Amino acid sequence: MENTRTDEPFLAIERTYPVAPEKVWRAWTDPEALKRWWAPRPDHRVSLCELDVRVGGRFRIVFGPEGGEQNECAGEYLEVEPNRRLVFSWHWPRSTPERVSRIAITFLPSAGGTELVFRHDRFYDAAARDNHLRGWTAAFGGLDRYIQSL
């Protein structure tokens, strides 16, 4: 029987960008592009970005302040439909490797460019969701600025 719980913590973010889906897709799937926007704080930088964007491929991103404590997130790509949909597992190998959540991103063509629908679910608890919401809100600020620079 499939789990149909509707009470599990999740977060959703939607954005509309005035560029083609291919450019927004590239921001999530090209290591050099991702390095330009990925970080929850302005003083953080990506020091390592490994992306094997294919079903069963893995990713690993290490980021943090220069000379300070580095954070690492990692996961496995579960669905890859270029320029349309990207789904991957998500966890923090150094701090909570046993807590695996999931991210699904849909890239929808729109009249003015691309509508991005982001959903992060399967959180351990509401506190984990809230912590991720703070980080994703800041990271999406970086993505917004990156897309505007294209």
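Before reading further, recall that the structure is shown in the block above.
Residues numbered from 1 in each chain as written. Predicted model: local features only at pLDDT ≥ 70, side-chain atom pairs only at ≥ 80, totals over all residues. Heavy atoms only, no water.

(A) A look at the pattern of salt bridges. Within this structure, the stated rule accounts for 14 salt bridges. A salt bridge links Asp-52 to Arg-54; its shortest N-O distance comes to 3.0 Å. Here Asp-52 falls in the partly exposed class, since its relative accessible area comes to 31%. Given a relative accessible area of 45%, Arg-54 falls into the partly exposed group. (Salt bridge = Lys/Arg side-chain N within 4 Å of Asp/Glu carboxyl O. Buried < 20%, exposed > 50% of the residue type's maximum accessible area, 1.4 Å probe, protein only.)

(B) Local environment of the sheet that holds strand 3 (residues 58-65). Strand order in the open sheet made by the seven strands is 1-7-6-5-4-3-2, with antiparallel pairing throughout. Here the strands that pair on one side only, and so sit at the sheet edges, are strand 1 (11-17) and strand 2 (44-51). Strand-to-strand, the axes of this sheet are offset by a mean angle of 20°, without reference to chain direction. Summarising the sheet, strand 5 (residues 85-92) and strand 6 (residues 96-110) pair through seven bridges and their orientation is antiparallel. Looking at the pairing, Phe-88 lines up with Ile-103 of strand 6. Each of strand 1, strand 5, strand 6 and strand 7 (113-121) touches helix 3 (residues 126-148); the most contacted strand, strand 1, lies at about 10° to it. (Pairing = 2+ DSSP bridges. Helix = DSSP H or I, 4+ residues; strand = E, 2+ residues; numbered from the N terminus. Axes fitted to C-alpha atoms, helices over the stretch in contact; angles between N-to-C directions. Contact = heavy atoms within 4.5 Å.)

(C) Representation of the environment of Asp-52 within the structure. Inspection of the secondary structure assignment puts Asp-52 in the loop between strand 2 and strand 3. Between the C-alpha atom of Asp-52 and that of Pro-31, which follows or precedes it by 21 residues, the distance is 9.6 Å. Apart from the residues lying within four places of it in its own chain, the contact partners of Asp-52 are Gly-57, Arg-58 and Tyr-77.

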